[in-house]
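# Observations on the model geometry
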Amino acid sequence: MSALTPPTDMPTPTTDKITQAAMETIYLCKFRVSMDGEWLCLRELDDISLTPDPEPTHEDPNYLMANERMNLMNMAKLSIKGLIESALNLGRTLDSDYAPLQQFFVVMEHCLKHGLKAKKTFLGQNKSFWGPLELVEKLVPEAAEITASVKDLPGLKTPVGRGRAWLRLALMQKKLSEYMKALINKKELLSEFYEPNALMMEEEGAIIAGLLVGLNVIDANFCMKGEDLDSQVGVIDFSMYLKDGNSSKGSEGDGQITAILDQKNYVEELNRHLNATVNNLQAKVDALEKSNTKLTEELAVANNRIITLQEEMERVKEESSYILESNRKDVEKELEIQISMRQEMELAMKMLEKDVCEKQDALVSLRQQLDDLRALKHELAFKLQSSDLGVKQKSELNSRLEEKTNQMAATIKQLEQSEKDLVKQAKTLNSAANKLIPKHH
C-alpha cells in the first residue's frame, strides 16, 4: 500500500536502517488489520518475504482503498487509546522522545497521506499533506497562529517537515480534533488534494477526527528548533499493539479507566464549548457596548446640532422680524412721500386747468376783439372809400390798423402756443399721477 510505506519525498534511508526497521516492524502490505478487544490482530492474506515485491495482482482498487482506510482507522484507534492510557499512567507532560507519541504522529501522517493526489513539479511528482493543513487557518482563525509559527521555523525545508511541525503544535494547543473536523467538513476544498476514496474524504476520516477529542487530556511540550522533522522515516511499529489472538479482551480495571476517560473527555469538551459560548457572548456584549457608546455619542452630537440649529433659527427669526419692520417703515415713508407728491401734482394740475381755462377765455375774448377789429376795418375801409379823406390819412389809418391787427394776431399765436404747452404739461402730470396710483394700490 503506497499510503502506508515511507513517502517518496523524504530522504532515502540507508540499507542498514531499512534492514533494522524490517527486523523490528511488521508492515501492512499483505495484512488485514482488525480489532480484538483492546489489541490489534493481523490476519495474513498470503505469505510474504522481505525480498522485492512481486508483480502486483489485478485487484479491485476500491476494495484496496477501503481496506487501507479500515486498517488506518483501527491503527488510529489503538494509537490514540494507548497514548491516552500511557500518558495518564505516566502522569507528566509528554515530550517528543515519548515512543507512543511518536507512533501517534506516524499514524496521523499515514492517515493524512492516504489518497493524496500527486502534484507535478520541476523535480518530478510530489505528495505532501502540508497543502490541506494550510487550509485550516481559512476555516478556523485560531489556526493562523500555528501556521505562521511553522512557516517561521528556520530548520524546516520541506513541506513534509512543515506538516509534521503543524501536527505537533496543534496537539500542544489541544485543538487538533477541532481543526481536523473543520477540514473534513469541507470536502469541496479537500477534493483538490485527495482522491475521492481517500480516508479524509470518507467516513473513516470523520471517525478519527472524533477520536482525537480524547487527546485534549494530554499535556505535551515540544522543542522543534533542533529536531530534524524533514528526514524522519514514518514507519508504524506494530509491536506496541500486537497480542496473541487467544488473549483475553481486557480487565475490568481497564474498562473503568476507559469509562472515566470518556467522562473526563466529555466534561472537558463540554467545558470547552461552554467557554467558547461565554467568549462569544462576551464578544457580543462588548460589541453591543461599543455600539451603544457610539450611538450615545452620536445622539449627543445630534442633540447639540439640534440646539445649535434652534438657536440659529431664533436668530434668523429676529433678524427677519427686524428687517421686515425696517422695510415696512421705509415703505410707509416712501408711500407718504409719494402721496404728498401726488397731492401736489393734483393741485398743480388743477391750477394748470384753471390757467388753461382763463387763457382759453382770454383767447376767445381776443378772437372776438380781432373779429370786431376786422369788421371795423372793413367798415372803415368802406367809409374811407366813400369819404373824401385824403390818401395820406387813409394810408396812415390803414397802416395803424394793419399793425394793430398784426400785434393781435401775434398775441393770439402766443396764446395758442401757450395753450398747447399747458395741455402737454397737463398730460404729463396726469400720466405721472396715474403711474403713482397703481404702484401703491
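Position numbers for residues count from 1 along each chain, tracking the sequence in the order it is written. Predicted model: local features are reported for residues with pLDDT of at least 70 only, side-chain atom pairs are reported and counted for 80 or more only, and whole-chain, interface and lining totals are derived from all residues. Note that water and hydrogens are dropped before the side-chain values are worked out from all heavy atoms of the structure.

## Quick look at the pattern of salt bridges
Opposite charge on two side chains lets them pair, provided their charged atoms get close. What counts is decided by this rule: We count a salt bridge whenever a side-chain nitrogen from Lys or Arg sits within 4 Å of a carboxyl oxygen from Asp or Glu. Working definition: helices are DSSP H or I runs of at least four residues, strands are E runs of at least two. Numbering for both runs from the N terminus. Any residue under 20% of the maximum accessible area for its type is buried, any over 50% is exposed, and the rest in between are partly exposed; the area is computed with a 1.4 Å probe on protein chains only.
The tally for this structure, following the rule as stated, stands at 14 salt bridges. With a shortest N-O distance of 2.7 Å, D219 and K174 are connected by a salt bridge. You can see D219 sitting in the loop between α10 (203-211) and α11 (252-386) and its partner K174 sitting in the loop between α7 (159-172) and α8 (176-184), a full 45 residues away along the chain. A relative accessible area of 41% places D219 in the partly exposed class. Taking the relative accessible area as the measure of exposure, K174 reaches 29% and is therefore partly exposed. Taken together, the salt bridges that share partners define one network made up of E109, K113 and R164.

## Description of the packing of aromatic side chains
By convention here, two paired aromatic rings are described through the distance between centres and the angle between planes. The test is simple: Put simply, two rings from Phe, Tyr or Trp (the six-membered ring, in Trp's case) pair if the centres are within 6.5 Å, and we call them stacked under 30 degrees between planes, edge-to-face over 60, tilted for the rest.
One pass over the structure, following the stated rule, counts three aromatic pairs. A ring pair is formed by F104 and F105, whose centres lie 5.4 Å apart and whose planes are at 55°; its orientation type is tilted. Overall, the relative accessible area of 4% leaves F105 in the buried class. Ring centres 5.8 Å apart and planes at 50° place the aromatic pair W166 and Y179 in the tilted group. Separated by 13 residues along the polypeptide, W166 in helix α7 and Y179 in helix α8 bring together distant segments of the chain. Each member of the pair, W166 as well as Y179, carries the same accessibility label: buried.

## Points about the nonpolar core
Going by this rule: Among the buried residues, those of types Ala, Val, Leu, Ile, Met, Phe, Trp, Tyr and Cys that are joined through side-chain atoms within 4.5 Å form a nonpolar core. Residue contacts follow a heavy-atom distance rule, with two residues in contact if any of their heavy atoms lie within 4.5 Å.
In terms of nonpolar packing, the biggest core is built from 62 residues, with L101, F104, W166, Y194, M200 and L215 touching the most fellow members. Secondary structure elements with two or more residues in this core: α2 (61-90), α3 (99-113), α4 (130-134), α6 (144-152), α7, α8 and α10. Aside from chain neighbours lying at most four places away, what touches L101 is L83, L94, D95, L171 and F222. In terms of nonpolar packing, the next biggest core, distinct from the first, is built from five residues, L363, L370, M408 and L415 among them.

## Points about α2
This is how it is decided: For a helix, the expected span equals 1.5 Å multiplied by the number of residues minus one.
Helix length check: α2, at 30 residues, gives a terminal C-alpha distance of 42 Å against a target of 44 Å (1.5 Å per residue), a fit within 8%. Looking at the residues trailing α2, positive phi occurs at G91, about 70°.

## Observations regarding the confidence of the model for the protein chain
Quick note on the threshold: Note: pLDDT gives the predictor's confidence per residue, expressed from 0 to 100.
Per-residue pLDDT for the protein chain averages 77, and the proportion of residues at 70 or more is 76%. Counting contacts from residues 1-15, a segment whose pLDDT is below 50, to residues more than four positions away or on other chains yields 32 contacts. Predicted confidence for residues 35-40 stays below pLDDT 50, and this span has 26 contacts to residues more than four positions away or in other chains.

## Let's talk about the packing of α6 against α7
What counts, and what does not: Fitted lines through C-alpha atoms serve as axes, helices being fitted only where they are in contact, and the angles separating the N-to-C directions of these axes extend from 0 to 180 degrees. Here roughly perpendicular refers to angles of 65 to 115 degrees, roughly parallel to angles under 35, roughly antiparallel to angles over 145, and oblique to all remaining angles. Note on convention: near helix rotated counterclockwise from far helix by under a right angle means a left-handed crossing. Clockwise means right-handed. In the scheme used here, Gly and all other residues not listed as nonpolar or charged are polar, with Ala, Val, Leu, Ile, Met, Phe, Trp, Tyr, Cys and Pro taken as nonpolar and Asp, Glu, Lys and Arg as charged.
Put simply, α6 and α7 touch, their axes get as near as 9 Å, and they point 140° apart. Classified by the angle their axes make, α6 and α7 are oblique. Helix-helix and strand crossings are classified by hand; for α6 and α7 the assignment is right-handed. From α6, I146, T147, S149 and V150 reach across to α7, where they touch R162, A165, W166, L169 and A170. For the contact of α6 with α7, the class distribution of residues is six nonpolar, two polar and one charged.

## Overview of a nonpolar patch on the surface
As a reminder, the rule being used: Candidate patch residues must exceed 30% relative accessible area and have no salt bridge, after which like charges are joined if within 9 Å and Val, Leu, Ile, Met, Phe, Trp or Tyr side chains if within 5 Å. Using a 1.4 Å probe, the Shrake-Rupley method yields the accessible areas, and only the shown protein chains count as cover for residues.
On the surface, Y266, V267, L270 and L274 cluster together into a nonpolar patch covering about 410 Å² of accessible area. The residue L270 is located in helix α11 in this model.

## Section: the side chain of K175
Secondary-structure assignment places K175 in the loop between α7 and α8. Classification of K175 as buried rests on a relative accessible area of 17%. Beyond its immediate sequence surroundings of up to four residues, K175 is in contact with E142 and A170.

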